[in-house]
Amino acid sequence: MEHLAYDLTLQPGGHLEPTDTSLVEAAVRELTEETGMDPRQVSVVSPTPVYVEYGKVPARPEKDEPEHYHLDIGYAFTTVRGDVGRIQESEVTGAGWYPLEVAERLVGDRIRRAVTAPA
């Protein structure tokens, strides 16, 4: 994902919503919202997160958000059809697939952990 607010390439993600009943459900929702992928074509590899990270997020004055911390919980998914549909333009400027080596350079080693996660 080409993240609009941070001008970075990141994996799909976002925040929990009051209607989310689990972390995995939230991850699927964010994945399909941002990429336009059909949620029926996406399967979680494991209900166990492939990474958990904690870090500082810079302030975003345009959204009245001060510097704060995020707890990022990532899951691995599979799909038979990886077709990107209508992206969520309020959040991202583009979505696509990258070779693993390129994705690691852009996003970091969390991508390799997701790809190599045991089922």
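One structure accompanies this document, and this report is about it. Note that the structure is predicted; figures quoted are calculated from it, not measured. Every chain is numbered on its own, with residues counted from 1 as its sequence reads. Local features are withheld for residues below a pLDDT of 70 in this predicted model, meaning they are given only at 70 or higher, and side-chain atom pairs are given and counted only at 80 or more; totals for whole chains, interfaces and linings count all residues. The side-chain values count all of the structure's non-hydrogen atoms but skip hydrogen atoms and water molecules.

**Quick word on the environment of Val-42**
Reasoning step 1: Under the scheme used here, helices are H or I runs from DSSP no shorter than 4 residues and strands are E runs no shorter than 2 residues, and both carry numbers assigned from the N terminus. With respect to the helices and strands, Val-42 occurs in strand β3 (residues 42-44).
Reasoning step 2: For the pair Val-42 and Pro-58, spaced 16 residues apart in the sequence, the C-alpha separation amounts to 31 Å.
Reasoning step 3: Throughout, a contact is declared for two residues whenever any of their heavy atoms are within 4.5 Å. Each residue touching Val-42, except ones within four places of it in the same chain, is listed here: Leu-31, Thr-32, Met-37, Phe-77 and Thr-78.

**With respect to the sheet that holds strand β1 (residues 2-3)**
Reasoning step 1: We treat two strands as partners when DSSP finds at least two bridges between them. With respect to topology, 3 strands assemble into an open sheet ordered β2-β1-β7, the strand pairing being antiparallel. The sheet is open, and its two edges are formed by β2 (8-9) and β7 (92-94), each paired on a single side.
Reasoning step 2: Bridge count between β1 and β2: 2 bridges; the pairing is antiparallel. Each bridged residue has a counterpart across the sheet, and for His-3 the counterpart in β2 is Leu-8.

**Comments concerning the side chain of Thr-35**
Reasoning step 1: With respect to the helices and strands, the residue Thr-35 is situated in helix α1 (residues 23-35).
Reasoning step 2: A 3.5 Å cut-off defines polar contacts: any pair of N or O atoms within that distance qualifies, except that in protein one atom must be a possible hydrogen donor and the other a possible acceptor, and neighbouring residues in sequence count only when both atoms are side-chain atoms. A polar contact is formed between the side chain of Thr-35 and the backbone oxygen of Leu-31, at a distance of 2.7 Å.
Reasoning step 3: A distance of 3.1 Å separates the side chain of Thr-35 from the backbone nitrogen of Met-37, its partner in a polar contact.
Reasoning step 4: Setting aside chain neighbours within four positions, we find Thr-35 in contact with Met-1, Pro-12, Val-84, Gly-85, Arg-86 and Ile-87.

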